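Fold and geometry: a report
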Amino acid sequence: MRISIITVCLNSAGTIRDALESVGKQTFREIEHIVVDGVSTDGTQDLVSGFTPKVARLVSEPDRGLYDAMNKGMAVATGDIIGYLNSDDVYADSDVLRKVAGIFADGNVDACYGDLVYVQQD
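Below, the structure is looked at part by part. (Residues numbered from 1 in each chain as written. Predicted model: local features only at pLDDT ≥ 70, side-chain atom pairs only at ≥ 80, totals over all residues. Heavy atoms only, no water.)

Here we take up unusual backbone geometry. Along the chain, Thr52 connects to Pro53 via a cis peptide bond; the corresponding omega equals 5°. Positionally, Pro53 belongs in the loop between helix 2 (44-49) and strand 3 (55-60). Phi at Val39 takes a positive value of approximately 65°, unusual for a residue other than glycine. Turning to its location among the elements, Val39 is positioned in the loop between strand 2 (31-37) and helix 2. By relative accessible area, Val39 is classed as partly exposed at 37%. (Helix = DSSP H or I, 4+ residues; strand = E, 2+ residues; numbered from the N terminus. Buried < 20%, exposed > 50% of the residue type's maximum accessible area, 1.4 Å probe, protein only.)

So, on to the nonpolar core. Judged by nonpolar contacts, the single largest core of 13 residues is most densely connected at Ile3, Ile5 and Leu97. Of all the elements in the fold, those that place two or more residues in this core are strand 1 (3-9), helix 1 (16-24) and helix 4 (96-104). In this view, Ile3 contacts Phe28, Glu30, Ile31, Glu32, Ile81, Leu97, Val100 and Ala101; residues no more than four positions away in its chain are not counted. (Core = buried A, V, L, I, M, F, W, Y, C linked by side-chain atoms within 4.5 Å. Contact = heavy atoms within 4.5 Å.)

Here 4 strands make up an open sheet; going across it, the order is 3-2-1-4 and the pairing parallel. Edge positions in the sheet fall to strand 3 and strand 4 (81-84), since each has one partner strand and no second. In this sheet, adjacent strand axes meet at a mean angle of 20° when their direction is disregarded. Of the strand pairs in this sheet, strand 1 and strand 4 are connected by 4 bridges, and their pairing is parallel. Residue pairing for strand 4: Ile5 is matched across the bridge by Gly83. Sitting on the sheet, helix 1 is in contact with strand 1, strand 2 and strand 3, with an inclination near 165° to strand 2. Sitting on the sheet, helix 4 touches strand 1, strand 2 and strand 4, and the angle it makes with strand 1 is about 130°. (Pairing = 2+ DSSP bridges. Axes fitted to C-alpha atoms, helices over the stretch in contact; angles between N-to-C directions.)

Nothing here speaks to function; it is all geometry.
Right, dumping it as structure tokens:
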């Protein structure tokens, strides 16, 4: 079982490193991380490029907004499970995707979701 994680971004140099590291630290190893960038001008692409091979694919081209970018990521995803992690978000711990894979191991499950914890920088 493979999980495709799609991260969409535009000028996210200030936050995307944490998101990329969060995916890279997952104990579940069959991850295809796809980053869809809307042609950032702040160095985001350089940051993402530094995470290869952890980032399986970087798509950088103009889009028509967030949902268009999400659909572009879904179109190139090859995983059995597809999830989204925003460029300013992180997983709560390193076992999140292992737990997700375990949930989907039950053939009766079509979707799952996780709760959010909102935090302030200070």
